[in-house]
Amino acid sequence: MPADAQNRDDAQPRRRVRYRGTHPRTYDEKYKERDLAAHPDLEARLHAKGQTPAGTHIPILVEEVIEALAPRPGEVVADCTVGYGGHALQFMRRIGATGRLVGFDVDEDELAKTRLRLKQQPTRVSLHRSNFAGIAKVLGAEQLLGYDIIFADLGVSSMQIDNPERGISYRHDGPLDMRLDGRLQRTAADLLAMLSQRELADALRDFADEPDGDEIAARIVTRRATVALERTVQLAELVMEVKKVTPSGWRRQQGQVLHPAARTFQALRILVNGELDVLRELLRLAPYCLRPGGRIGIISFHSGEDRLVKHAFRAGMRDGTYDRVAPDVIVPQAKERAYNVRSGAAKLRWAAVV
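Residues numbered from 1 in each chain as written. Predicted model: local features only at pLDDT ≥ 70, side-chain atom pairs only at ≥ 80, totals over all residues. Heavy atoms only, no water.

A. Inspection of the pattern of salt bridges at higher detail. Evaluated as defined, the whole model comprises 24 salt bridges. The structure contains a network of salt bridges with shared partners spanning Arg198, Asp202, Arg205, Asp206 and Asp214. (Salt bridge = Lys/Arg side-chain N within 4 Å of Asp/Glu carboxyl O.)

B. Representation of the confidence of the model for the protein in the model. Summing up the model confidence of the protein, the mean pLDDT is 86 and the portion of residues at 70 or higher is 82%. Across residues 5-14, confidence stays below pLDDT 50; counting only partners more than four residues off in sequence or on other chains, it has two contacts. Low pLDDT (under 50) marks residues 33-37, which in the prediction has 14 contacts with non-local residues, meaning those over four places away or in another chain. (pLDDT = per-residue confidence, 0-100. Contact = heavy atoms within 4.5 Å.)

C. Inspection of the sheet that holds strand S5 (residues 290-300) at higher detail. Pairing in this open sheet of seven strands is mixed, and the strands run S3-S2-S1-S4-S5-S7-S6 from one edge to the other. Every other strand in the sheet has two partners, leaving strand S3 (124-129) and strand S6 (324-325) as the edge strands with one partner each. With three bridges joining them, strand S1 (residues 76-79) and strand S4 (residues 147-153) adopt parallel strand pairing. When the bridges of S4 are listed, Asp79 appears paired with Phe151. Its contacts with the sheet place helix H15 (residues 303-319) against S5, S6 and strand S7 (347-352), and it is angled at close to 20° to S7. (Pairing = 2+ DSSP bridges. Helix = DSSP H or I, 4+ residues; strand = E, 2+ residues; numbered from the N terminus. Axes fitted to C-alpha atoms, helices over the stretch in contact; angles between N-to-C directions.)

D. Structural view of the packing of aromatic side chains. Here the structure, examined in full by the defined rule, presents three aromatic pairs. Between Tyr170 and Phe265 the ring centres are 5.8 Å apart and the planes differ by 85°, which places this aromatic pair in the edge-to-face class. Pair noted here: Tyr170 is in the loop between helix H7 (158-162) and helix H8 (188-194) and Phe265 is in helix H13 (residues 262-273), with a separation of 95 residues, a long-range link. You can call Phe265 buried: its relative accessible area is 2%. (Phe/Tyr/Trp six-rings, centres within 6.5 Å; stacked < 30°, edge-to-face > 60°. Buried < 20%, exposed > 50% of the residue type's maximum accessible area, 1.4 Å probe, protein only.)

E. Highlighting the pairing of S3. Taken together, the six bridges between strand S2 (residues 100-105) and S3 define a ladder with parallel strand orientation. Of the residues in S3, the one forming a bridge with Val102 is Ser126. Between the parallel pair S2 and S3, the chain is carried across by helix H5 (residues 108-118), and the sense of this crossover is right-handed. (Right-handed = clockwise from strand over helix to strand, strands pointing away.)

F. Examining helix H4 (residues 86-95) more closely. Burial within H4 is extensive, with eight of its ten residues counted as buried. Every buried residue of H4 is accounted for by Gly86, His87, Ala88, Leu89, Gln90, Phe91, Met92 and Ile95. Remark: Gly96 follows H4 within two positions and exhibits a positive phi of approximately 70°.

G. Summary view of the packing of helix H11 (residues 232-242) against H13. Closest axis-to-axis distance for the H11/H13 pair is 9 Å, and the angle between their directions is 130°. Here H13 runs oblique to H11, going by the angle between their axes. Of the residues in H13, those touching H11 at Thr232, Leu235, Ala236 and Val239 are Thr264, Phe265 and Leu268. (Parallel < 35°, antiparallel > 145°, perpendicular 65-115°, else oblique.)

H. Representation of the pairing of S2 in the model. For S2, the tally of buried residues reaches six of six residues, placing the bulk of the element in the interior. Burial of the side chains of S2 extends over both faces: Arg100, Val102 and Phe104 are buried on one face and Leu101, Gly103 and Asp105 on the other. Pairing analysis gives four bridges linking S1 to S2, with the strands arranged parallel. Paired with Asp79 across the two strands is Gly103, which belongs to S2. Following the chain from S1 across H4 to the adjacent parallel S2, one finds a crossover that is right-handed.

I. Broad picture of H5. Taken residue by residue, H5 has Glu110, Leu111, Thr114 and Leu118 as its buried positions. Buried residues of H5, viewed axially, fall in a sector of 100°; they line one side. Facing away from the buried side of H5 by more than 90 degrees, the exposed set consists of Asp109 and Leu116. Turning to H5, the residues buried within the fold contact H4, S2, S3 and H7. Looking at where H5 begins, the residue whose side-chain oxygen comes 3.1 Å from the main-chain nitrogen of Asp109 is Asp107. (Arc of directions from axis to C-beta. Polar contact = N/O pair within 3.5 Å; in protein donor to acceptor, adjacent residues only side chain to side chain.)

J. How the structure looks around the environment of Pro287. With respect to the secondary-structure elements, Pro287 resides in helix H14 (residues 275-289). Residue classification places Pro287 among the buried positions, given a relative accessible area of 15%. Separated by 34 residues in the primary sequence, Pro287 and Thr321 place their C-alpha atoms 6.8 Å from one another. Non-local contacts of Pro287, meaning those with residues more than four positions away in its chain, are made with Thr321 and Tyr322.

Now the structure itself:
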């Protein structure tokens, strides 16, 4: 082939890989959703249908968080789960150039993206690859006397859920990994292979309120005796078998009820990442890391998390640790639930010191 013909071929845009059907289904096929800058009308169309574009994250209860925690110019904010910086940006716009934001996240990939996003703001920012149990140690490293605001959104980001390689979602086939922090040694597949039936059943009850936890745990132990559970689709199908739901039957109900495997995946993710232990440590340390007049707010997504937060705040009121707590749990309004279907389970509680 002549060189000029070869150059003309190289200059032609490569055709995308075609997908079956009329709409993309897998994460890789949703290339437009992962490049919204090139497809500006797509985001609004997806939100109108209550869908979150693949590879993006919508911060939850933003107005309520700002109203409850009332960030002011010059204050120091600890965003304990900075993620892609949705809440952090709102804090930064209010604390301004004289304020300071200290962010925490264990996900190295997301932290790198967030660092680029937040550096566009005038607020001084420092980000740490750490879970929020490290908030006290960072005070010394940053030469701070305390935080004016401590905030944590305990939900997993949509970017982590949508990426099948993370193994967090029952909707996409991928390795049963579920580690939010790649430095952790044991994956979800490892735990499924080693935990006893009783340990699995306890986790399903304690971390997800799964009513069929005993049956699911028994089926896991029986299945792993003949085949290793290493893929998300294997676990999702196993749970659906226990619940006597077929994939086609679920698709007909979709949008009306929780996915049959949702609670199992939630419990396993919490177990892999030790999420409740880290939350307990945050609740223990937070009052000692707040400056006078400081506020703490936590968004939780299941009853186990919410119980820990509620009991810690109420105990703090009784013993004088906290001066004020939220009189009632704060949940998303109907408009937000319609715009962002993943916000439905969110619960916000806050407390303040004298």
